[in-house]
Amino acid sequence: MSSLLQLLPFFEAVARLGSFTQAANQLGVTPPAVSQNIQALETRLGVRLFNRTSRSVRLSDEGRLFYQRVAPAMGQIEVAADDVRTLHGRPSGLLRITLPQLAASLLVMPYLAEFQTLYPEVQLELFTDDHFSDLVLDSFDAGIRMRAMLQKDMIAVPIDHDQRRVIIATPGYLTQHGTPLTPQALSDHNCLRYRFPGSGKFEPWYFRQDGGQLTLEVNGSLIFNEDRLIKDAALMGLGITQRFANTVQRELNSGQLVEILTEYSGDFPGFFIYFPASRHMPLKLRVFIDFMREKRSQQSRPQDASVAP
């Protein structure tokens, strides 16, 4: 009979991934083996840990309480294993990072091959999600987010320079509806908006005005929770939007999109990698942060940036 400690990795994997199949793939076993171990754990505890249907696996109330207690302990076991590996001076093990798709595309993917070459024993898992995951409960080593989105009890390290935000639309839209001359004039236009999946709040639009920063809540008939769809809608001439310049530079260069309100655009704080202040930093995370900071130092700093990172 398996001990309680031997059964916990199966529970943690299913709870985190929400799938017996995905848990089996990660653990290197078969789905029936995962199911048998979960059943054994439920028998040992005398409660049902998961509510299972043909389409989903969800934690029961008892399972959620158990996971909240088990996940931090499992994280500490992994940290202990990393500490032992550190004695040999080589970073290794699974490094789990939660980040939005935009940060993955702009900051991590261009350097992924180089990182793997430098640290072949580190397994890097990039979990792209615009929800704000609990790093401890969801077993993440760190996250990447904009500074305004960070929790106060986190250590945050900048990994890019300020990001320039631009207001864009197609020439066709501007010909049909006119070009706004001030940020306030956007109230007369259809603005393509982004809603944060986690909080449900709308992403504010940022401007430089009268030597300071102006934040506006705009209105429009189309709302998205994915950056790519907003750009697609803008290219279809459905409205005006504000995006990071790096994500639409090709379309601006080709003339498919036009930047407007240029005198009000500016650079705003970019992305930070963050982790709990109370948590011991494993070597695998330390080398990843150092690597990203080195890439940041190699980037050309915006010449007109007025906000220090």
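Right, let's walk through the structure included here. (Residues numbered from 1 in each chain as written. Predicted model: local features only at pLDDT ≥ 70, side-chain atom pairs only at ≥ 80, totals over all residues. Heavy atoms only, no water.)

What follows concerns the environment of Leu 238. In this fold, Leu 238 is placed in the loop between helix H8 (227–235) and strand E12 (241–244). Along the primary structure Leu 238 and Ala 169 are separated by 69 residues, whereas in three dimensions their C-alpha atoms are 8.4 Å apart. Among all residues touching Leu 238, those that are not within four sequence positions of it are Tyr 173, Asn 190, Leu 192, Leu 222 and Ala 233. (Helix = DSSP H or I, 4+ residues; strand = E, 2+ residues; numbered from the N terminus. Contact = heavy atoms within 4.5 Å.)

Here we come to the pattern of salt bridges. The tally for this structure, following the rule as stated, stands at 14 salt bridges. Arg 165 serves as the salt-bridge partner of Glu 203, at 3.3 Å between the closest nitrogen and oxygen. Within this pair, whereas Glu 203 is found in the loop between strand E8 (192–194) and strand E9 (205–209), its partner Arg 165 is found in strand E7 (residues 163–169), the two being separated by 38 residues in sequence. Glu 203 sits in the buried class, given a relative accessible area of 13%. Note on Arg 165: relative accessible area 7%, which makes it buried. Between Arg 243 and Asp 227 there is a salt bridge, with the nearest N and O atoms lying 2.6 Å from each other. Highlighted residues: Arg 243 in strand E12 and Asp 227 in helix H8, separated in sequence by 16 residues. Bridged by salt links that share partners, the residues Arg 165, Glu 203, Asp 227 and Arg 243 form one connected network. (Salt bridge = Lys/Arg side-chain N within 4 Å of Asp/Glu carboxyl O. Buried < 20%, exposed > 50% of the residue type's maximum accessible area, 1.4 Å probe, protein only.)

The geometry of helix H1 (residues 4–17) relative to helix H3 (residues 31–45) is characterised by a closest axis approach of 9 Å and an angle of 115° between their N-to-C directions. In the crossing of H1 with H3, the sense of the turn from one axis to the other is left-handed. Judged by residue contacts, Leu 4, Leu 7, Phe 10, Phe 11 and Val 14 of H1 engage Val 34, Asn 37, Ile 38, Ala 40, Leu 41 and Arg 44 from H3. Residues belonging to the contact of H1 with H3 are distributed by class as follows: 9 nonpolar, 1 polar and 1 charged. (Axes fitted to C-alpha atoms, helices over the stretch in contact; angles between N-to-C directions. Left-handed = near helix turned anticlockwise from the far one by under 90°. Nonpolar A, V, L, I, M, F, W, Y, C, P; charged D, E, K, R; others polar.)

Attention shifts here to the side chain of Arg 193. Among the structural elements, Arg 193 can be located in strand E8. Although Arg 193 is buried, it forms no salt bridge, and the closest oppositely charged side chain is Glu 217 at an N-O distance of 6.3 Å. A polar contact of 3.0 Å, which involves the side chain of Arg 193, links it to the backbone oxygen of Gly 220. Discounting chain neighbours no more than four positions away, the residues touching Arg 193 are Phe 202, Val 218, Asn 219, Gly 220, Leu 222, Ile 223, Phe 224 and Ile 230. (Lys, Arg positive; Asp, Glu negative; His and termini not counted. Polar contact = N/O pair within 3.5 Å; in protein donor to acceptor, adjacent residues only side chain to side chain.)

A word on the packing of aromatic side chains. According to the stated counting rule, one finds 10 aromatic pairs in the structure shown. A ring pair is formed by Phe 20 and Phe 50, whose centres lie 6.3 Å apart and whose planes are at 65°; its orientation type is edge-to-face. Of this pair, Phe 20 sits in helix H2 (residues 20–27) while Phe 50 sits in strand E1 (residues 50–52), and the two are 30 residues apart along the sequence. No difference in accessibility class separates Phe 20 from Phe 50, as the two residues are buried. Through a chain of ring-to-ring contacts, the aromatic side chains of Phe 11, Phe 20, Phe 50, Phe 66 and Tyr 67 assemble into a single cluster. Positioned above the aromatic ring of Phe 140, the side-chain terminus of Arg 96 is 4.2 Å from the ring centre. Seen from the ring of Phe 202, Arg 193 lies directly overhead, with NZ or CZ sitting 4.2 Å from the centre. (Phe/Tyr/Trp six-rings, centres within 6.5 Å; stacked < 30°, edge-to-face > 60°. Lys NZ or Arg CZ within 6 Å of the ring centre and 35° of its normal.)

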